[in-house]
Amino acid sequence: MSDAMVRSETELPEAPDTPSEDSVREFLAFGLSDETYGLPLSSVREIVKPPPITEVPRSGRDVLGIISVRGRVTTVVDMRRRLRVHESPFGRATRILLVAVGEEIMGLLVDRVMQVFRLSEDEVEVATVVGGDTAEYVMGIGRPQSVRGVGRGRDLMAPASMGRDILILLEPRALLKR
Amino acid sequence: VDKLIVEDLSDPLMHIIRNSIDHGIESPKVRELAGKPPTGTLALNAYQKGNHVVIEVEDDGAGMDETRLVEMAVQKGLLTQEARTDISTDEAFNLIFMPGFSTRSSITDTSGRGVGMDVVKTNISNLGGVIDVHSEVGTGTKFTITLPITLAIISALLVEVAERVYAIPLTVVQEAIVFDPTGVRRVEGREVITLRGGTLPICRLQSLFGLERSQSAPVKQFVVVVSLGQRRLGFVVDALQGQQDIVIKSLGRSLSSVRGFAGATDLGDQRVALVLDAPSLLEEVLASSDVGLASGVSP
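Residues numbered from 1 in each chain as written. Chains lettered and ligands numbered in written order. Predicted model: local features only at pLDDT ≥ 70, side-chain atom pairs only at ≥ 80, totals over all residues. Heavy atoms only, no water.

### With respect to the sheet that holds strand β5 (residues 153-161) of chain B
Residue and element names in this part refer to chain B. Ordered by their spatial adjacency, five strands build an open sheet running β13-β5-β6-β15-β14, and the pairing between neighbours is mixed. Each edge of the open sheet is held by one strand with a lone partner, namely β13 (239-247) and β14 (261-266). Averaged over all pairs of adjacent strands, the angle between their axes in this sheet comes to 35°, without regard to strand direction. Where β5 lies against β13, eight bridges are found, and the strand directions are antiparallel. Bridging from a neighbouring strand, Glu 160 pairs with Ala 239 of β13. (Pairing = 2+ DSSP bridges. Helix = DSSP H or I, 4+ residues; strand = E, 2+ residues; numbered from the N terminus. Axes fitted to C-alpha atoms, helices over the stretch in contact; angles between N-to-C directions.)

### A look at the packing of aromatic side chains
In this description, an aromatic ring pair is defined by two values, namely the gap between the centres and the angle between the planes. Taken as a whole and judged by the stated rule, the model has five aromatic pairs over all chains. Centre to centre, the rings of Phe 30 of chain A and Tyr 37 of chain A are 5.9 Å apart; their planes meet at 15°, and the pair counts as stacked. Ring centres 6.4 Å apart and planes at 70° place the aromatic pair Phe 97 of chain B and Phe 143 of chain B in the edge-to-face group. Of the two residues, Phe 97 of chain B is situated in the loop between α5 (89-94) and α6 (117-126) and Phe 143 of chain B in strand β4 (residues 140-148); the sequence distance between them amounts to 46 residues. By the ring-pair criterion, three or more aromatic residues cluster together here, those being Tyr 166, Phe 209 and Phe 261 of chain B. (Phe/Tyr/Trp six-rings, centres within 6.5 Å; stacked < 30°, edge-to-face > 60°.)

### Some remarks on the interface of chain A and chain B
If you look at the interface, chain A gives 19 residues, while chain B gives 23 residues. Taken together, chain A and chain B are joined by two salt bridges. Of the charged contacts in the structure, one is a salt bridge between Glu 284 of chain B and Arg 58 of chain A, with a shortest N-O distance of 2.5 Å. On inspection of chain A and its partner chain B, the count reaches eight residue pairs in polar contact (both at pLDDT 80 or more). Taken together, the elements giving at least two residues each to the side of chain A that touches chain B come down to β4 (63-69), β5 (72-78) and β7 (104-110) of chain A. Looking at which element gives the most residues to the side of chain A that touches chain B, the answer is β4 of chain A, with four residues. Counted by class, the side of chain A that touches chain B contains 10 nonpolar, five polar and four charged residues. (Contact = heavy atoms within 4.5 Å. Salt bridge = Lys/Arg side-chain N within 4 Å of Asp/Glu carboxyl O. Polar contact = N/O pair within 3.5 Å; in protein donor to acceptor, adjacent residues only side chain to side chain. Nonpolar A, V, L, I, M, F, W, Y, C, P; charged D, E, K, R; others polar.)

### A word on the nonpolar core
The biggest cluster of nonpolar side chains holds 35 residues, and the ones touching the most others in it are Ile 66 of chain A together with Tyr 166, Ile 168, Val 226, Phe 235 and Phe 261 of chain B. At the level of secondary structure, the elements contributing two or more residues to this core comprise β4 of chain A together with β5, β6 (164-169), β11 (222-228), β12 (231-237), β14, β15 (272-276) and α8 (278-294) of chain B. The biggest single contributor to this core is α8 of chain B, with five residues. Beyond its immediate sequence surroundings of up to four residues, Tyr 166 of chain B is in contact with Pro 57 of chain A together with Leu 157, Leu 158, Val 159, Val 161, Phe 209, Leu 211, Phe 261, Leu 274 and Leu 276 of chain B. Core analysis: the second largest hydrophobic core is formed by 31 residues, Val 53, Ile 87, Val 120 and Leu 147 of chain B among them. (Core = buried A, V, L, I, M, F, W, Y, C linked by side-chain atoms within 4.5 Å. Buried < 20%, exposed > 50% of the residue type's maximum accessible area, 1.4 Å probe, protein only.)

### Remarks on the side chain of Glu 56 of chain B
Residue and element names in this part refer to chain B. Mapped onto the secondary structure, Glu 56 falls in strand β2 (residues 52-59). A polar atom in the side chain of Glu 56 sits 3.1 Å from the side chain of Tyr 47. In this structure Glu 56 touches Ala 43, Leu 44, Asn 45, Tyr 47, Lys 142, Phe 143 and Thr 144, once residues within four positions along its chain are discounted.

### Structural notes on the sheet that holds strand β3 (residues 130-136) of chain B
Residue and element names in this part refer to chain B. In spatial order, the strands read β1-β2-β4-β3; together these four strands make up an open sheet with antiparallel pairing. Single-partner strands in this sheet number two, and they are β1 (42-49) and β3. Between one strand axis and the next, the sheet turns through 15° on average, direction left out of account. This element, α6, spans β3 and β4 of the sheet and lies at about 140° to β3.

### A closer look at the confidence of the model for chain B
Residue and element names in this part refer to chain B. Averaged over all residues, the pLDDT of chain B equals 82, while 88% of them reach at least 70. Low pLDDT, under 50, characterises residues 291-299; the predicted model gives this stretch six contacts beyond four residues in sequence or across chains. Across the interface, the model reports ipTM at 0.73; the global pTM reads 0.61. (pLDDT = per-residue confidence, 0-100.)

### Description of a negative patch on the surface
On the surface, Asp 86, Asp 90, Glu 91 and Asp 132 of chain B cluster together to form a negatively charged patch. Topologically, Asp 90 of chain B is positioned in helix α5. (Patch = residues over 30% accessible without salt bridge, like charges linked within 9 Å, V, L, I, M, F, W, Y side chains within 5 Å. Areas by Shrake-Rupley, 256 points an atom, 1.4 Å probe, with all protein chains shown as cover. Lys, Arg positive; Asp, Glu negative; His and termini not counted. Charge placed at Lys NZ, Arg CZ, Asp CG, Glu CD.)

### Things to note about helix α3 (residues 66-75) of chain B
For an α-helix the count is 3.6 residues per turn, leaving residues at separations of three or four pointing the same way. All names here are of chain B. Within α3 the residues assigned to the buried category are Leu 69, Val 70, Met 72, Ala 73 and Val 74. In the core, the buried residues of α3 are packed alongside α4 (81-85) and α5. A positive phi of about 75° marks Gly 77, the residue just after α3.

Have a look at this one:
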């Protein structure tokens, strides 16, 4: 499936016949250090455990290197470096998200993958509070009002944690710009 | 098949097909006399065989007469009288790929636009392919073209630098020698060694790539001599791992600004190795030392 198709679906204004469904967007939540981020679920192709990564000399500082995913050479970016959060050593929960960024599939290394959030429009706030160098990557702030997690995530999100969960929603396309 | 191959394949393929129709398939009358259906058949087959694609063009025409081919070749001075006796059947058929060979003197509309089969063969060899021909008088002729699936399959020398593996395309590798650190001299701010009386600039890949070692460098290192035209450069590496046929895959757009690598290859067991872009590294290393030289600063 073409990446453009996926994107346009998610960016289309609500179709008149199913307004309630279309204003809800799904985001995959992942953790970097003690922050929680979200990427549009439609852009995430796959989640893999980190295979051996071949470093690429003279690439950007946040480029960890390349991996081969089913014969395809994929660039892996360390999201912790790119978003300037604390870097901890690879753990058991470390994952690589394979994300469609423009025409390329890129690997984004994250500390942990959490759950899928379905956010309606009023739960997404346009980012104004996030400043600094990393602001270009942020498309908004997600504040889930209700437990909308799907699948396993429902258990992870206990009502007690409500209100504390703030998702920094990232724009995949912006991640490529360097 | 690689798109680049397809583009370069259409001309030679058309030529073979035209040739078969024009020279191979006889007129309906002749065919009927030979007990064949009046309409000639030209079969085009393609299939995959390992890392190669085989394309067959087969006609049920007159076939080629081996002895006539040899005679023609002798007439045209492509073959000596002495050589004609010990020429094999295959060799005889392959005579048609020699420049200046054409079994028909007249030029027709369908084929014979002055392009010989030699051009076809050259085009196919340029693609890394092989063309073969088999023919039987009265039965037909079959051309078999074998092509690599992708132009990106190359032979490479795998080398180790600071515990990492890199691939150097074998086409640019001239030789590999044991590195003698005591033989290194500095000439105009550039490290050089003497190789068979000549001066060879060298480049330590470890420092060029800024690689950190977890162990100290091995006592015995190697110099891989790459050459491009008149220019030569020696890459200092830790170990030679051997030769391997690899498939080069391009690096993603996100790495398009990184110079010095032609791509990457999957070594199996999940390991990926970068393929050095020898021309660009050669350019870069030789140019940068020139700068150092001009400003009087040694690198």
